[in-house]
Structure formats: structure tokens, C-alpha cells
Amino acid sequence: MSRRTNKKLPADGYLPRIADGMLEQALRTSGAVSIRGPKWCGKTATGERQSASQVYMQDPDRSATLLALADSKPSAILDGEEPRLIDEWQMAPQLWDAVRFAVDKGHGRGRFILTGSSTPRKRPAHSGIGRIASLNMSTMTLFESGESNGTVSLAGLFTNGGEGLGSTCDLDIDDYAFAICRGGWPEAITERDDSNSLLMSGNYVQQLLERDIEEMDEKPRNSTWMRALIRSYARNIATEASATTIAADMQEHTPSSETVADYLSALTRVCVIEDLEAWNPSLRSKTAVRTSPTRHFCDPSIAAAILGVSPVGLLEDFETFGLLFESLCVHDLRVYASALGGNVFHYRDKTGLEADAVIHLHDGRWAPVEVKLGNRFIDEAAKHLLKLADRVDQKRQGPPSFLMVLTATQAAYRRDDGVVVAPLGTLAP
């Protein structure tokens with residue numbers, strides 16, 4: 001295994017995922033669970049561990065037969081010991097309605113697990129509300145890979161605000177550069193040779209451009225335009241760049257705005273793009289809040305791969321390093337927040353006051369986060385967070401549970417002004 005992970009690989013080759021517990025809970029409360037996420041993030045392996053039987057719609061030996069059966073008698077594909085895993089169900093979208101009907105007719109919970117790496121353009125006839133629970137799955141976080149020691153619990157911060165916090169981690173700036181370029185792909189993390197693991201995100205992008213774009217909606221797309229678009233997206237990662245800006249940045253490749261919108265929509269449906277939506281809180285003043293999303297991939301290694309940057313290259317370009325590190329932090333925060341029943345947003349108003357991330361739990365608790373690579377800008381980030389907390393109407397929104405500067409440094413502590421400073425390598429759900 002990579003020298004940068006502290007976690008030993010189990011005999012069955014499966015590293016436990018945060019989604020394991022979420023899936024187990026969802027199966028207890030719903031007739032079926034739909035796991036959605038990018039290809040190669042581990043959805044199938046996670047679903048297999050809690051299923052009693054499986055059907056793989058992409059099995060090359062059976063795919064044609066299964067697709068024909070899905071057209072003629074979709075209920076036959078559902079026959080099997082339950083929970084039954086139906087992998088890549090979106091290849092036959094009618095299976096969604098078949099599962100929904102089976103749950104209605106047969107009742108019971110935990111009957112089916114659906115995994116899919118894309119959302120079909122043609123929606124099923126029924127939404128599945130009340131029958132099919134949704135679970136979004138991502139690539140692995142630093143805590144799941146064993147690189148974060150987990151000494152700073154996000155749940156704990158929401159409970160105690162970081163009172164008495166004090167810990168350290170062993171990760172240094174080189175380790176974060178490596179983690180960004182390697183990505184959170186399970187096969188890359190369990191690969192014992194670091195040089196091999198660094199090649200895998202590039203292989204993912206190559207597969208996306210050479211094959212997967214042809215499978216998106218069964219609609220032909222220009223791979224040259226797609227490559228230019230993804231590269232432009234990477235150059236604008238962790239910014240609020242508009243679609244027009246992204247299109248203009250494609251340089252010599254200038255498709256129409258309609259084409260750019262279509263390509264971005266396709267990349268979103270296959271879970272390659274995962275933008276961070278804006279947070280719109282109640283404010284004390286009438287300050288206008290910007291509503292543009294910040295641009296992110298499902299894994300920051302995609303940006304590193306398409307830009308052709310290595311860990312050494314990141315260390316020589318701290319501007320790019322900072323943006324990709326922010327994207328890595330957003331990636332991990334999203335997974336940790338989802339385990340707590342929450343979401344992550346970003347905040348920026350017309351005065352320029354911003355937070356790179358705002359964690360918002362479903363019970364209303366919230367916490368803003370600023371991301372900084374080193375110690376140099378922690379004081380400034382803390383001032384911004386305190387100013388943001390003061391700008392929010394806390395009578396309506398409630399006070400923040402904590403304010404946090406997330407860093408690539410090594411010490412976690414709570415400052416005298418109450419702001420928490422935590423390395424990403426200490427964070428856990």
C-alpha cells in the first residue's frame with residue numbers, strides 16, 4: 001500500500017467507507033436505496049457488501065440479454081435474494097419504476113440496492129419518493145484512506161465548538177500535493193506503488209474522453225471540445241467562473257453557448273462535475289448575496305490530470321496548489337457533512353466577504369469554513385469568519401456552531417478568538 005496511508009488493507013481488499021453506515025441505515029428505513037456517484041468511486045463494492053444477490057447490467061456476457069429482459073419483463077431482473085443489488089441500473093431506466101412498483105406491491109424494507117454512475121436524460125415515470133432513498137457517494141476522503149488521523153471530529157465541533165481542541169497530524173505539504181494528484185479512487189489508494197497510483201486519474205480522464213462521452217445519452221459529442229472544456233473547468237476550479245467565462249477560456253475551441261451548456265449538463269449527469277451551490281442566509285443588512293456556484297470536479301485529481309500537473313509541479317505553482325487544495329477540502333467536507341445529515345455550500349456577498357465552505361445541517365446548525373494552505377493567512381481568514389458571523393442575523397439563522405480555518409499545516413487548536421484551526425489531515429465526520 002502507498003506509504004502515505006496508515007490503514008492496513010483488509011484481507012478482502014475493501015477499505016471501509018463512510019457510506020457503509022449510511023447505506024445500512026437507509027436499508028432499515030426504505031424499500032430500496034439508490035447509490036449515485038462517479039464511476040470507479042466504489043459504489044458497487046459498497047453495495048455488494050450489504051446485498052444478498054446481484055445483477056450487473058454491464059456484464060459483457062449478459063448485458064444484451066439483461067437489456068432485452070428489462071424491455072420485455074423488468075420484474076424478472078428483480079427476482080433474487082434480497083437485498084438485491086442492481087448495478088448500473090440507468091442502462092435500463094425502466095428498472096426504476098419496476099423497483100418502485102415491487103416495493104409498493106411487496107412492502108418491506110431493504111429490498112433493493114440500485115447503483116448508478118449517471119442520471120438518465122429520460123426520467124422514470126415516478127420519482128420514488130417514500131420508496132427509494134437516495135445516497136450520494138464520492139471518492140474516498142483522507143479519513144477513509146487512513147491519511148487523516150481523525151482527531152478532529154466534525155460532529156464534535158458541532159457539539160462543543162472545539163473547546164479543548166489540541167492535536168497534530170503527520171501530513172506535510174508534500175503529502176497533500178500527492179493526495180490531490182492521486183485522488184480518492186479506491187484502486188489508486190490501495191495501489192502499493194505510488195508512481196502507479198499517480199497514473200490512475202489520468203487513465204480515468206482518458207477513459208472519459210475516449211469512451212464515456214460516447215455513452216452519455218447515446219448522443220455523439222466532440223472529444224476535442226470535451227477535453228478543452230474539462231481543461232478550462234480545471235483552470236477555473238474553486239472559482240465562480242460563469243459558463244461564458246469557461247467557454248471563452250477554451251481558447252481556440254469555441255463551441256456555441258448552447259453546446260457548452262449541453263456538455264456541462266452531461267458531465268453533471270455522469271457525476272464528473274459537482275459544483276458547490278451558494279448559501280443564502282438571513283443577514284442583518286441588505287447586503288446582496290452572490291448566487292453563482294463555485295466550480296468543482298467529483299475529485300480534484302481530475303483537474304490535476306487534465307492540467308498535467310504532478311505533486312512536484314504543484315509545489316512549484318502555489319496558486320494552482322491553493323485552488324486544488326480548496327477543492328480537496330470541499331470534497332472531504334461534503335462527505336463528512338452528509339454523514340451528519342447536512343450539506344456544504346459556499347458564501348460570497350457583494351462586498352467580497354466570503355467563506356470557502358458553509359456546512360449546514362438539516363437541524364439548522366451551521367458553520368463557515370475558510371481554507372488556507374499555510375499559517376501565513378490564518379489571522380486574515382479568522383477575521384473574515386468573525387465578520388461573516390456578525391453579518392448573519394443570528395436571531396433568525398442561529399449562531400454558528402463553530403468557525404474554522406482548514407489548513408495544510410500540522411497543528412489543530414482553538415484560538416483565543418474562538419476560531420478553530422484544523423489541518424485537513426486531522427478531520428473526520
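Everything that follows concerns the structure shown earlier in this document.
## Considering the nonpolar core
Step number 1: Core analysis: the biggest nonpolar cluster contains 87 residues, and Phe297, Phe325, Ile359, Met404 and Leu406 have the highest contact counts within it.
Step number 2: Element by element, the count of residues in this core is highest for helix 15 (residues 318–339), at 10 residues.
Step number 3: Setting aside residues up to four positions removed in sequence, Phe297 forms contacts with Ile230, Tyr233, Ala234, Ile237, Val272, Ile273, Glu274, Ile302 and Ala303.
Step number 4: Within the second largest apolar cluster, 19 residues are counted, among which are Ala32, Leu66, Ala92 and Ala98.

## Topic: the packing of aromatic side chains
Step number 1: Counting across every chain of the model gives nine aromatic pairs.
Step number 2: Ring geometry for Tyr176 and Phe325: centres 5.4 Å apart, planes at 75°, overall edge-to-face. With a gap of 149 residues between them, Tyr176 in helix 7 (residues 173–182) and Phe325 in helix 15 connect regions that are remote in the sequence. Exposure class is identical for Tyr176 and Phe325. Each is buried.
Step number 3: Chaining the aromatic ring pairs together yields one cluster made of Trp40, Trp185 and Tyr204.

## Here's the deal with the pairing of strand 1 (residues 32–36)
Step number 1: Across the five residues that make up strand 1, a large majority, four, are buried.
Step number 2: Pairing geometry for strand 1 and strand 5 (residues 132–136), over five bridges, is parallel. From the neighbouring strand, Ser34 faces strand 5, where its bridge partner is Ser134.
Step number 3: Strand direction decides the pairing type here: strand 1 and strand 4 (residues 112–116), joined by five bridges, are parallel. Bridged to Ser34 within strand 4 is Leu114.

## Remarks on the sheet that holds strand 1
Note: strands within a sheet are paired through backbone hydrogen bonds, in either parallel or antiparallel orientation.
Step number 1: With parallel pairing, five strands are arranged side by side in an open sheet as 2-3-4-1-5. Each edge of the sheet is formed by a strand with only one pairing partner; in this case those strands are strand 2 (53–56) and strand 5. Pairs of neighbouring strands in the sheet enclose a mean axial angle of 20°, with direction left out of account.

## Quick word on the state of the cysteines
Step number 1: What the rule picks out here adds up to zero disulfides.
Step number 2: Unpaired in this structure, Cys169 has its nearest cysteine sulfur neighbour in Cys329, at a distance of 11 Å.
Step number 3: The structure places no disulfide on Cys181, whose sulfur is separated from the nearest cysteine sulfur, that of Cys329, by 15 Å.

## Considerations on the side chain of Asp275
Step number 1: Counting through the fold element by element, Asp275 comes out in the loop between helix 12 (257–269) and helix 13 (300–307).
Step number 2: Looking at Asp275, its side chain comes within polar contact range of the side chain of Tyr233, at 2.7 Å.
Step number 3: A polar contact is formed between the side chain of Asp275 and the backbone nitrogen of His296, at a distance of 3.3 Å.
Step number 4: Among all residues touching Asp275, those that are not within four sequence positions of it are Tyr233, Pro293, Thr294, Arg295, His296 and Arg334.

## What about unusual backbone geometry?
Step number 1: Residues Glu82 and Pro83 are joined by a peptide bond in cis, for which omega reads 5°.
Step number 2: Within the secondary structure layout, Pro83 lies in the loop between helix 3 (63–72) and strand 3 (84–87).
Step number 3: Notably, Glu88 is not glycine yet its phi reads approximately 55°, a positive angle.
Step number 4: Along the polypeptide, Glu88 turns up in the loop between strand 3 and helix 4 (94–106).
Step number 5: For Ala238, which is not a glycine, the phi torsion comes out positive at approximately 65°.
Step number 6: Take Ala238: it is sitting in the loop between helix 10 (223–235) and helix 11 (243–248).
Step number 7: Overall, the relative accessible area of 11% leaves Ala238 in the buried class.

The rules behind the values
Residues numbered from 1 in each chain as written. Predicted model: local features only at pLDDT ≥ 70, side-chain atom pairs only at ≥ 80, totals over all residues. Heavy atoms only, no water. Core = buried A, V, L, I, M, F, W, Y, C linked by side-chain atoms within 4.5 Å. Buried < 20%, exposed > 50% of the residue type's maximum accessible area, 1.4 Å probe, protein only. Helix = DSSP H or I, 4+ residues; strand = E, 2+ residues; numbered from the N terminus. Contact = heavy atoms within 4.5 Å. Phe/Tyr/Trp six-rings, centres within 6.5 Å; stacked < 30°, edge-to-face > 60°. Pairing = 2+ DSSP bridges. Axes fitted to C-alpha atoms, helices over the stretch in contact; angles between N-to-C directions. Disulfide = S-S within 2.5 Å. Polar contact = N/O pair within 3.5 Å; in protein donor to acceptor, adjacent residues only side chain to side chain.

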